[in-house]
Amino acid sequence: MRLLLVEDNLELAGWLAKILRQDNYVVDVFHDGEEADHALSIAAYDLVILDLTLPKINGMQLLRRIRSRRDAVPVIILTANASLDGRVAGLDEGADDYLAKPFDIAELEARIRVQLRRSARRPDPVISCGALAFDTNTRLFALSGAPLALTPREHAVLEMLLMKSGQTVSKAQLSQSIFGLDDLADPSAIEIYVHRVRKKLEGSDVRIVTLRGLGYLLQHDAH
């Protein structure tokens, strides 16, 4: 899952990004609304965490731009303005959730999980494909009940394939999900990560199928 964090407080932004990356999210960070707006125009995000008091373009203006493009990406607003009028205004402009500063990181993490499940239309926190299970609360994979050890990018590949299980996922989609804007995205690296994940699924009833010219498909081999 790829998140966009827009926060002008550099210390807070750095702290949040570190924690979210430890949760195996890919996180792009911007400190003003103009840069964030540009990022949203060139990359696909699964969720936006948005501060309101931003330079150049404030958070409410950015939210209006997002929704005017008919972009349905979930948006969680973070702000020190916890007034009822402020919350109502943000929700009316198209925000999906609202969290007042200061906040507990555990609550933000829970709200992110809720929004991602809702946007994926998967209300159950545990997503399965055969013997493979992903607990969206702990953000951990298990295979046949045993923990499945994955590097952050292997985790991103498998999460994307599982969330789209039964559907073909292109290399471009996988690249978007595992590389941030600051990363050097090597197209051949996708094949390497997919190969590594395949090896870790060997012996189970789950496999990654390569569809030449189209992409990859996570498949449950029922016997």
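Further up the page is the structure itself.
To keep things clear, this report deals only with the structure shown in the data block. Please read all numbers here as calculations on a predicted model, not as lab measurements.

Reading the values: the criteria
Residues numbered from 1 in each chain as written. Predicted model: local features only at pLDDT ≥ 70, side-chain atom pairs only at ≥ 80, totals over all residues. Heavy atoms only, no water. Helix = DSSP H or I, 4+ residues; strand = E, 2+ residues; numbered from the N terminus. Core = buried A, V, L, I, M, F, W, Y, C linked by side-chain atoms within 4.5 Å. Buried < 20%, exposed > 50% of the residue type's maximum accessible area, 1.4 Å probe, protein only. Contact = heavy atoms within 4.5 Å. Phe/Tyr/Trp six-rings, centres within 6.5 Å; stacked < 30°, edge-to-face > 60°. Lys NZ or Arg CZ within 6 Å of the ring centre and 35° of its normal.

1. Comments concerning unusual backbone geometry
Moving on, step 1. Of note, the amide linkage connecting Lys101 to Pro102 takes the cis form, showing an omega dihedral of -5 degrees.
Moving on, step 2. Unusually for a residue other than glycine, Asn24 sits at a positive phi of about 70 degrees.
Moving on, step 3. In this fold, Asn24 is placed in the loop between α1 (10-22) and β2 (26-30).
Moving on, step 4. In this structure, Arg139 is a non-glycine residue whose phi angle is positive, near 60 degrees.

2. A short note on the nonpolar core
Nonpolar side chains in soluble globular proteins generally cluster together in the buried interior.
Moving on, step 1. The biggest cluster of nonpolar side chains holds 50 residues, and the ones touching the most others in it are Leu108, Ile112, Leu132, Leu158, Leu174, Leu201 and Leu218.
Moving on, step 2. Sort the elements by how many residues they give to this core and helix α6 (residues 152-163) lands first, with seven residues.
Moving on, step 3. Apart from residues no more than four positions distant in its own chain, Leu108 is found in contact with Leu16, Ile76, Leu78, Leu99 and Phe103.
Moving on, step 4. Counting residues in hydrophobic clusters, the runner-up holds 22 residues, among them Leu4, Ala36, Leu52 and Met60.

3. Thoughts on the packing of aromatic side chains
Moving on, step 1. Within this structure, the stated rule accounts for one aromatic pair.
Moving on, step 2. If you follow Arg139 out to its NZ or CZ, it ends over the ring of Tyr25, 3.9 Å from the centre.

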